[in-house]
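Overview (structure and organization)
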Amino acid sequence: MQKHSTLGEFIIGHQKQFKYSSGELSRLINSIRLAAKVVNHEVNKAGLVDILGDAGDTNVQGEDQQKLDVYANDIFMETLRNRQIVCGIASEEEDDFVTISGHDGSNTNKYVVLIDPLDGSSNIDVNVSVGTIFSIYRRVTEPGKPVQKEDFLQEGNKQVAAGYIVYGTSTMLVYTTGHGVNGFTLNPAIGTFYLSHPNMKFPEDGPIYSINEGNYVHFPQGVKDYLKYCQMEEGDRPYTARYIGSLVSDFHRNMIKGGIYIYPTSSKSPQGKLRLLYECNPIAFIAEQAGGFASDGYQRILDIKPTELHQRVPIFCGSKNMVAKAEEFMRKYPQDAYYAKQK
Ligand code: AHM
Ligand code: MG
């Protein structure tokens with residue numbers, strides 16, 4: 001595939017990589033591409049029109065929802081629903097998963113989508129990059145019947161595809177179907193994504209650590225020790241600290257430059273903050289496909305068995321050697337003390 005192919009051409013060109021492919025996954029990724037363009041358009045004009053501010057609703061985690069979150073959620077849900085391309089969707093912005101039925105009441109589509117429609121939304125009203133994160137699985141229950149919770153509660157290692165869109169200085173769509181990671185940049189003048197970052201790879205080591213260090217006093221000892229290690233003058237250290245507070249942007253930068261992103265447990269968030277299904281699993285899949293790694297400090301994120309849709313887990317992800325080093329510090333302390341019981 002030549003460097004300047006469009007995302008549309010790339011999707012068609014790579015369809016044969018999937019055994020027994022019926023083109024369903026390609027159509028699904030195409031729908032996400034379309035919805036991404038619509039959301040991008042709205043995010044970009046956020047400063048121009050009076051659509052900022054809270055929508056007055058709170059999501060299932062009790063956080064304020066901003067208007068663009070609601071909008072992005074509606075666009076992704078609607079696009080996937082109208083095209084009848086999936087049998088179910090779970091969104092960070094919805095309390096429960098949504099079953100998509102065909103016109104005749106049944107649905108023979110085999111894929112479910114899990115999505116965080118607009119991540120990092122607290123950054124919207126200050127003109128800082130936000131993102132969309134998506135994850136695709138094959139359903140485990142019988143096609144033709146309504147989807148069940150177990151179709152969504154699958155280990156991350158079962159993902160068929162995952163990706164994100166970063167609405168940044170340029171808008172990019174980055175995704176994997178388990179055959180490496182490719183990044184596409186939107187040319188806004190003509191509304192086309194072009195392959196700009198073929199076969200993205202995490203450097204094995206990196207100069208960056210990304211964590212909300214304001215929570216330092218609340219961190220477990222293993223995290224505190226690792227942070228001191230990052231700041232120590234030795235070899236290629238101290239590392240540089242970079243934290244946008246938008247997972248997609250922090251991850252994207254670290255994948256290009258080399259680095260580690262950490263959102264650990266803390267006495268304030270005993271299970272961590274980020275959601276396993278909508279944020280950590282897709283990011284972990286992309287990280288591994290790019291030669292990086294993602295861990296909860298003790299085990300591979302992709303091997304965690306989910307128990308609930310909105311489950312949170314701590315995450316350390318990025319350059320392979322950096323994550324391994326962080327795990328080394330974590331393992332000096334018992335895991336039980338790390339995962340405090342959720343109140
Ligand atoms: P959100 O899903 O409510 O937008 O929260 C997720 C975001 C991540 O993008 C970001 O990395 C993290 O929350 C920042 O949290 P904090 O402000 O606690 O550092
Ligand atoms: Mg989020």
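Scope of this entry: the structure provided in the associated data block. What you see as residue numbers is a count from 1 along each chain, following the sequence as written. Each chain is given a letter, starting from A, and each ligand a number, starting from 1, according to the order in which they appear as written. With pLDDT at 70 or above as the cut-off, local features in this predicted model cover only qualifying residues; side-chain atom pairs require 80 or more to be listed or tallied, and sums for whole chains, interfaces and linings still use all residues. The basis for the side-chain values is all heavy atoms of the structure; hydrogens and waters are excluded.

Each regular strand carries side chains that alternate between the two faces of the sheet. Going residue by residue along strand β3 (residues 88-91), you find Gly88 and Ala90 tucked away on one face and Ile89 and Ser91 tucked away on the opposite face as well. Examined bridge by bridge, β3 and strand β4 (residues 98-99) share 2 bridges and lie antiparallel to one another. Paired with isoleucine 89 across the strands is valine 98, a residue of β4. DSSP-based pairing: two strands are paired if at least 2 bridges between them are found. Secondary structure elements are taken from DSSP: a helix is a run of H or I of four residues or more, a strand is a run of E of two residues or more, and numbering for both begins at the N terminus. If you look at the hairpin formed by β3 and β4, you'll find 6 residues sitting between the two strands. Here 4 bridges tie β3 to strand β5 (residues 111-119), and the two strands are oriented parallel to one another. Pairing of alanine 90 across the sheet is with leucine 114, part of β5. Accessibility here uses a 1.4 Å probe with only protein chains present; expressed as a share of the type maximum, an area under 20% marks a residue as buried, one over 50% as exposed, and anything in between as partly exposed.

A few words on the nonpolar core. Grouping buried Ala, Val, Leu, Ile, Met, Phe, Trp, Tyr and Cys residues that are joined through side-chain atoms within 4.5 Å yields what is termed a nonpolar core. Ranked by internal contacts, the top residues of the largest apolar core, which has 41 residues, are Leu28, Phe76, Leu118, Ile136 and Tyr175. The leading source of residues in this core is helix α2 (residues 24-44), at 8 residues. In this description, contact between two residues means that some pair of their heavy atoms is separated by no more than 4.5 Å. If sequence neighbours within four positions are ignored, leucine 28 has contacts with Leu80, Ile85, Val86, Tyr111, Val113 and Ile136. Membership of the second largest hydrophobic core comes to 31 residues, among which are Val181, Phe251, Tyr263 and Cys280.

Turning our attention to the packing of aromatic side chains. Working definition: rings of Phe, Tyr and Trp (its six-membered ring) pair if their centres are within 6.5 Å, and the pair is stacked with planes under 30 degrees apart, edge-to-face with planes over 60 apart, and tilted otherwise. What the rule picks out here adds up to 10 aromatic pairs. With centroids separated by 4.8 Å and ring planes inclined at 25°, the aromatic side chains of phenylalanine 97 and phenylalanine 152 adopt a geometry described as stacked. With phenylalanine 97 in the loop between β3 and β4 and phenylalanine 152 in helix α4 (residues 149-152), this residue pair connects regions lying 55 residues apart in the sequence. Each member of the pair, phenylalanine 97 together with phenylalanine 152, is buried. Between tyrosine 164 and phenylalanine 251, the aromatic rings sit 6.0 Å apart at their centres with planes inclined by 90°, giving edge-to-face as the arrangement. Pair noted here: tyrosine 164 is in strand β7 (residues 161-167) and phenylalanine 251 is in helix α6 (residues 247-257), with a separation of 87 residues, a long-range link. Neither tyrosine 164 nor phenylalanine 251 differs from the other in exposure class; each is buried. Members of the aromatic cluster, joined through ring pairs, are Phe10, Tyr175 and Phe184.

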